[in-house]
Amino acid sequence: MERTLVVDDSPTIRRMVIASLRDTCVGGFSEAGSGLEAIEQLAVGPVSLVVLDLNMPDMHGLEVLRFVRKHQAFRRLPVVVLTTRGDEESRAAALAAGASLYLTKPFTPQALAGHVRSLLESAHGEHA
Amino acid sequence: MTSDEDFLAGFMDDYFAECDEHLSAMRRLLLVLDDGLNGGELDPSCLDDLFRTFHSIKGISGMVELREAEMLAHHMESYLRVLRQREAVLTKDGLDALINGVDALERTIAARRSGESTPENDRALGLLSAVTPASGAARPMPAAASASRAAANWKVTFVPSSSLVSRGVNVDSVRGRLRAAGTLVDAAPQVRPEGVAFEFLLAAELPEAVREQWREDGISTEPLGPSGDTPRGDVLRRPEEGPARTIQPSHVVRVDLTRLDELMRMIGDLVITRARMDETLKGLERHVPAVEWRPVQENSATLERQLRDLREGVVRLRLVPVSEIFSRVPFVVRDLAREFGKDVRVELRGQHTEIDKFLIERMLDPVVHLVRNAVSHGFETPAERQAAGKPPQGTLTLAAAGAGDIVVIEVSDDGRGIDAARVVARARAAGIALADGAVDDSTLLRIICSPGFSTRDESDRASGRGVGMAVVQTTIDELNGTLSLDTTPGQGTRFTIELPLTLSITDALLAVVGDRRFAVPQASVREVVEVTPGVLRRVGRHEVAPFRGGMLPIVRLSDIFGIAARPGRALHVFVIGSGSDAVGLAVDRITGQREIVVRSMTDALVDVPGVLGATDLGDGRVVLILDAAAIARSGPGGLVGAQS
């Protein structure tokens, strides 16, 4: 089963994201607390969706995203950038780097699940 | 409750725990910056780390809708952004604003935790706005100066795989290994034909044996030439952070303290059940043939040992380093020293000494109070110090050390010492009855800790913050600890706090007086001696026995508890306290040593001074646990006289 990868240096936020998406992403979750860990998780297991924070200690989320998009296998992988409100300047940069969706924290569980659901539906539509 | 509130309620414990981690990281980083301002060098990675902690708290505070915390963190983050972008230079005022901000943040989060209303943060926000230049707009960070790549002498490559990851060998643990081995200069992911690889530049001595071991875990090493740089493909490079940046080690489980309390209570029940079983077995022994009895006894002994291991294991779970208290002290001193025109250096020793989390939380205010007292009263001004032939800068020392089941915390200053004559005069003015004659340190301590001793002159309002010395003493008493004082005019003052490592289960000595049994926690007993009645003498209303070249005042438990004494018999005496504070607690017999479970006396009717609680030794009878230190304090001629 393909998993959803939740990348954030805050374990609290990771738990909140997972709790919000439990019904939407049924393949289970893996977590990464840093950019390098995120890339490792992508390398070792099939991942169907990434929820990605931007400000992280070792590697900025945008760099993770650019790295990921360079590779054929991940070109179409849905990546939701979920960053703290106030960093909106990075919206354009994130979309340019290949973010599928740009959302800000704080989020409500319903809103996050709703956005992710429509993203997954449209992604499936493309494949069909 | 709306569904959102329900959702958030489930994460508040995580939120507070994560805030605690960020707050303690902030305090540590602010200290580094303070050092940097005082002549050292400002480490840019420190600004980065601080920025990230503010950013993280802002993010999670927003999620839990604690807007005030979000706002404070946002302002501090903005200031840090300006500093990192080199649009401003960190000044003393800037650091003050950050310290104030972190203080306000901590109070705001604590208020939410205890369900109180949010404190006023206008001053903290005002200070932050004043130091933050108007621009401060977010823009991409310039890459921080990379650590010296030339220093790297190894290129280390790790190719992750699911089998390695399942064995716990992942990029994070590999990074940890490299940091332990040397200085990590750079880390970057790379795509290779075989998949993703992580390339690290490391400055370290790597013996062949280590590299061999790493190879088995998919980590390959390659020596680098003196330049330290090898040509690489189009890969991303980030300067690697130092070990201090890891705020969140993985493999850490957060547990609510109440769950550990519950676990400890269950172990307490087990200890009592085992003691009961022991009693039952004793009764059976004579009915069972020796050959069959031996395995029963061996199993019982093994059970006892394993139970003790279990208990020690749970106690260890609850231990946290005393630095949780100590790290706050430099800030308190910094503010107060300025306010009172003092120049004080803080020296911290034994910060890694561990102590029960519950004790840490209760001890914070008392320790901070002692520190405030030292700065406002203890130290002279630089001019006064120089006139007295001392260095202008005073030294405040906080030291902690563990000794068996006890933790000792010392707060000492090299200031003017306590003016005994002035204290006595004030005590008399406040209507506290005092014996005539010279006042020793322990009497002095009793006076300054007595509730009637008013400490309401101007400087004390600063020291006070609602916690007087009486509260310090009461808190330490409640934790079964002791407080002692050592002061020398012109040279300084030292407060020594001794605390049990943990509460609730302890080793005790059992004693008998008449037909009553008592338990005395072993940690409070210095020595056990036997005293023959012939050597006892009366001094005024009190009995004393010769002891180590001096006289030891004797307190008979039979007197305190109104039990008929047995004249003419030898007394067994627990020596409590040391030096001139030592008091002998006399009992008829000492019957043994046991692990006991302390049940506190919650019934006000049995809240007897001198009694810590009660325990069940397994035979169903309740045994009182004595608060030896309190009895010794109130002992013969005591100021408090609780037992009179």
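Residues numbered from 1 in each chain as written. Chains lettered and ligands numbered in written order. Predicted model: local features only at pLDDT ≥ 70, side-chain atom pairs only at ≥ 80, totals over all residues.

## A look at the overall build of chain A
Consideration 1: Of the regular secondary structure elements, chain A holds five helices and five strands.
Consideration 2: Walking chain A from its N terminus toward its C terminus, one meets helices and strands in the order β-α-β-α-β-α-β-α-β-α.
Consideration 3: Pairs at least 24 residues apart make up 61% of the contacts formed inside chain A by residues separated by at least 6 positions. (Helix = DSSP H or I, 4+ residues; strand = E, 2+ residues; numbered from the N terminus. Contact = placed C-beta atoms within 7 Å.)

## Quick look at the nonpolar core
Consideration 1: The biggest cluster of nonpolar side chains holds 95 residues, and the ones touching the most others in it are A:V50, A:L52 and B:L202.
Consideration 2: Looking at which domains feed residues into this core, each of domain 1 (3–131) and domain 2 (149–231) of chain B gives three or more.
Consideration 3: Not counting residues up to four positions away in its chain, the partners in contact with A:V50 are A:L5, A:V7, A:L77, A:V79 and A:V80.
Consideration 4: Within the second largest apolar cluster, 40 residues are counted, among which are B:V315, B:A427, B:I447 and B:I448. (Core = buried A, V, L, I, M, F, W, Y, C linked by C-beta atoms within 7 Å. Buried ≥ 20, exposed ≤ 12 C-beta atoms within 10 Å, placed from the backbone. Domains from an automatic or database assignment.)

## Focus: the interface of chain B and chain A
Consideration 1: Taken together, the contact pairs 35 residues of chain B with 31 residues of chain A.
Consideration 2: If you tally residues by element for the side of chain B that touches chain A, the top one is helix α3 (residues 44–63) of chain B, at eight residues.
Consideration 3: Its residues placed into classes, the side of chain B that touches chain A shows 15 nonpolar, eleven polar and nine charged. (Nonpolar A, V, L, I, M, F, W, Y, C, P; charged D, E, K, R; others polar.)

## Looking at the sheet that holds strand β3 (residues 47–52) of chain A
Consideration 1: Spatial ordering of the open sheet is given by β2-β1-β3-β4-β5 (chain A), a layout of five strands whose pairing is parallel. Two strands bound the open sheet, and with one partner strand each, they are β2 (29–32) and β5 (101–105) of chain A. Sheet twist, expressed as the average angle between the axes of neighbouring strands with direction ignored, equals 20 degrees.
Consideration 2: Inspection of the sheet shows β3(A) paired to strand β4 (residues 79–84) of chain A by three bridges, in the parallel sense. Paired with A:L52 across the two strands is A:V81, which belongs to β4(A).
Consideration 3: Across the face of the sheet, α3(B) comes into contact with β4 and β5 of chain A while running at roughly 100 degrees to β4(A). (Pairing = 2+ DSSP bridges. Axes fitted to C-alpha atoms, helices over the stretch in contact; angles between N-to-C directions.)

## Some remarks on the confidence of the model for chain B
All names here are of chain B.
Consideration 1: Of the residues in chain B, 86% reach a pLDDT of 70 or more, and the chain-wide mean stands at 81.
Consideration 2: Here strand β5 (residues 238–239) stands out as the element of chain B with the lowest mean pLDDT, 42, in contrast to helix α15 (residues 382–387), whose mean of 94 is the highest.
Consideration 3: Contacts of residues 138–146 to residues separated by more than four positions or lying in other chains number eleven contacts, the stretch itself having pLDDT below 50.
Consideration 4: Note on residues 456–466: pLDDT under 50 across the span, and twelve contacts to partners over four residues away in sequence or across chains.
Consideration 5: Scored as a complex, the prediction yields pTM 0.61 and ipTM 0.89. (pLDDT = per-residue confidence, 0-100.)

## Examining the packing of helix α5 (residues 92–113) of chain B against helix α6 (residues 122–131) of chain B
When two helices pack together, you describe them by how their axes are tilted relative to each other and by the distance separating the axes.
Residue and element names in this part refer to chain B.
Consideration 1: The interhelical angle for the contact between α5 and α6, taken along N-to-C directions, is 150 degrees, at an axis separation of 8 Å. Judged by the inter-axis angle, α5 sits roughly antiparallel to α6. Classified by chirality, the crossing of α6 by α5 is left-handed. Here D93, G94, D96, A97, N100, G101 and A104 of α5 come into contact with α6, specifically with A124, L127, L128 and V131.
Consideration 2: Its residues placed into classes, the contact of α5 with α6 shows six nonpolar, three polar and two charged. (Parallel < 35°, antiparallel > 145°, perpendicular 65-115°, else oblique. Left-handed = near helix turned anticlockwise from the far one by under 90°.)

## What about the environment of B:V89?
Residue and element names in this part refer to chain B.
Consideration 1: Note on placement: V89 falls in the loop between α4 (67–84) and α5.
Consideration 2: Under the C-beta neighbour-count criterion, V89 is labelled exposed, with 9 such atoms within 10 Å.
Consideration 3: V89 sits 42 residues away from V131 along the chain, and the two C-alpha atoms are 10.0 Å apart.

## Examining the packing of helix α13 (residues 329–340) of chain B against helix α14 (residues 357–378) of chain B
All names here are of chain B.
Consideration 1: Direction vectors running N to C along α13 and α14 enclose 30 degrees, while the axes themselves pass 9 Å from each other. Of the possible angle classes, the one that applies to α13 and α14 is roughly parallel. Seen from above, α13 lies across α14 with right-handed handedness. Along the contact surface, α13 presents V329, V332, V333, L336, A337 and F340, while α14 presents V368, V371, R372, V375 and S376.
Consideration 2: Across the contact of α13 with α14, the residue classes tally to nine nonpolar, one polar and one charged.

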